[in-house]
Amino acid sequence: MNRIAAVSFAVIAGLSVTGTAFAQTSSEEGQWYIGPRLGPLGTDSDRVAIDNNQLRTFKGGFDSAFYGLEAGFQFTPEWGYRVYYDYLRGDLHNADSADGSIYGVDLMYNFTDSVYGSIGINNTDLGDVSNRFLRVGAGYREQLNNNWQLFVEGGVQQSDGDLTEFLLMTGLRYYFGESASPAPAPAPAPQQAAPVDSDGDGVMDANDRCPNTQPTYKVDQYGCVMYSNETITHELMINFAFDSAVIPAGEKVEIKETADFLKEFPQLDIRIEGHTDSIGTVEYNQGLSERRAKSVGQSLISDFGIEQERVSTVGFSENRPLVPNTSPENRAKNRRIEAKMSITKEVPVKEDN
């Protein structure tokens, strides 16, 4: 183990000297991240496990698999650390399998924006046998968007009992903060040239991470469009003739607008509520309110192509009047169906005129 440790530290120290020329300033600095990981582990041929009070050996090769979580912190553009916990299961000779866990800590070094190395210690407990390991690894990472990062990594670990094991893994990392992506390098500018703002958003090109933004939108200090949450609401109300569940002529336009809203936001469902006035028995009005709701729901499905499982209907008889049933005009207002849908989405913030 001492030999592995000495070589590992020497490799990382040597690469850090050369890697500094490649490591670019990254907005990861000062950020926390967390994410899942999984992969195979190749156990040492000398590793044993205790199964039903008997010693068992492993099948060999990449005979074990693990999955778990890691969390880390980037305290400089080059240096960071992570802690992790993995659940482990391995295949045994003449037995089913052995369970265990791995937990440890790694020191991380970024050679470039994509390539990194790691060194650390862990405790691997498999088949009721526990060992402490020194682990050395190298990985490649790819930015998926502002916060998510995909990585693949390989490593070797050496125990204090001369066990040598290999692993591969892949996973995702979520960075908390504005962005985990590196700031794009500005184009070389002529000596003593005046700062340039090509897209006119008020952020100089040297600091602009989002070039060519439209001048009608507000931008942050990095020149990227700012967003805010906006709630959009759509309401549907149709009135019916006395003792009728037939959709009045001209109301199909309202139903079409509702169908268009459902198609624009496919994550939404609609609940159509039917109502009546107070004339007639409660039992009769219950059936009438249900027929009114179903007639509008069926129109959404058959006339405008909305999936049946997204449409539900219910009747409330005369029990939920919109206005008191004290006049013919008010009773006409209560002979109706209602539906209301709302959704919140991010929209770009426009500049004040």
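The structure presented is a predicted model; accordingly, all values stated were derived computationally and were not measured.

A.B. asks: Account for the sheet that holds strand 9 (residues 148-159), with residues named and values stated.
C.D. replies: As summarised here, the arrangement of the 8 strands in space is 1-4-5-6-7-8-9-10, forming a closed barrel in which the pairing is antiparallel. Here the average twist between neighbouring strands, direction ignored, is 25 degrees. Sheet topology places strand 7 (residues 115-126) next to strand 8 (residues 129-143); 12 bridges connect them, and they run antiparallel. Bridge assignment links Val-115 to a residue of strand 8, and that residue is Tyr-140.

A.B. asks: Talk me through the packing of aromatic side chains; I want residue IDs and the actual numbers.
C.D. replies: A complete count under the given rule lists 10 aromatic pairs for this structure. Note on Phe-73 and Tyr-81: the rings are 6.5 Å apart at their centroids and 50 degrees apart in plane angle, and the pair reads as tilted. Phe-73 gets classed as buried once you look at its relative accessible area, which sits at 17%. For Tyr-81, a relative accessible area of 30% gives the class partly exposed.

A.B. asks: Would you mind going over the side chain of Gln-149 in detail, with residue names and values included?
C.D. replies: You can see Gln-149 is positioned in strand 9. Side chain to side chain, Gln-149 and Gln-143 meet in a polar contact 3.1 Å long.

A.B. asks: Any details on the state of the cysteines? Residues and values, ideally.
C.D. replies: Using the criterion set out here, one finds 1 disulfide in the structure. Here Cys-210 engages in a disulfide with Cys-224; their sulfurs sit 2.0 Å apart. Judged by the torsion about the S-S bond (75 degrees), the Cys-210/Cys-224 disulfide is right-handed. Here Cys-210 is found in the loop between strand 10 (164-175) and strand 11 (227-239), whereas its partner Cys-224 is found in the loop between strand 10 and strand 11, with 14 residues between them in sequence.

A.B. asks: Before we move on, can you summarise the environment of Asp-91 with the specific residues and values?
C.D. replies: Mapped onto the elements of the fold, Asp-91 is located in strand 5 (residues 79-91). Residue Asp-91 is classed as partly exposed on the basis of its relative accessible area, which comes to 33%. C-alpha separation for the pair Asp-91 and Thr-43, spaced 48 residues apart in sequence, amounts to 10.0 Å. The residues touching Asp-91, leaving out its near neighbours within four places in the chain, are Phe-58, Lys-59, Asp-63, Asp-96 and Ser-97.

A.B. asks: Account for a nonpolar patch on the surface, naming residues and giving values.
C.D. replies: A contiguous nonpolar patch, built from Trp-32, Ile-34, Leu-69 and Phe-176 and spanning about 420 Å² of accessible area, is present on the exposed surface. Structurally, Ile-34 is set in strand 1 (residues 31-42). Its relative accessible area of 36% is what places Ile-34 among the partly exposed residues.

Rules and cut-offs
Residues numbered from 1 in each chain as written. Predicted model: local features only at pLDDT ≥ 70, side-chain atom pairs only at ≥ 80, totals over all residues. Heavy atoms only, no water. Pairing = 2+ DSSP bridges. Helix = DSSP H or I, 4+ residues; strand = E, 2+ residues; numbered from the N terminus. Axes fitted to C-alpha atoms, helices over the stretch in contact; angles between N-to-C directions. Phe/Tyr/Trp six-rings, centres within 6.5 Å; stacked < 30°, edge-to-face > 60°. Buried < 20%, exposed > 50% of the residue type's maximum accessible area, 1.4 Å probe, protein only. Polar contact = N/O pair within 3.5 Å; in protein donor to acceptor, adjacent residues only side chain to side chain. Disulfide = S-S within 2.5 Å. Contact = heavy atoms within 4.5 Å. Patch = residues over 30% accessible without salt bridge, like charges linked within 9 Å, V, L, I, M, F, W, Y side chains within 5 Å. Areas by Shrake-Rupley, 256 points an atom, 1.4 Å probe, with all protein chains shown as cover. Salt bridge = Lys/Arg side-chain N within 4 Å of Asp/Glu carboxyl O.

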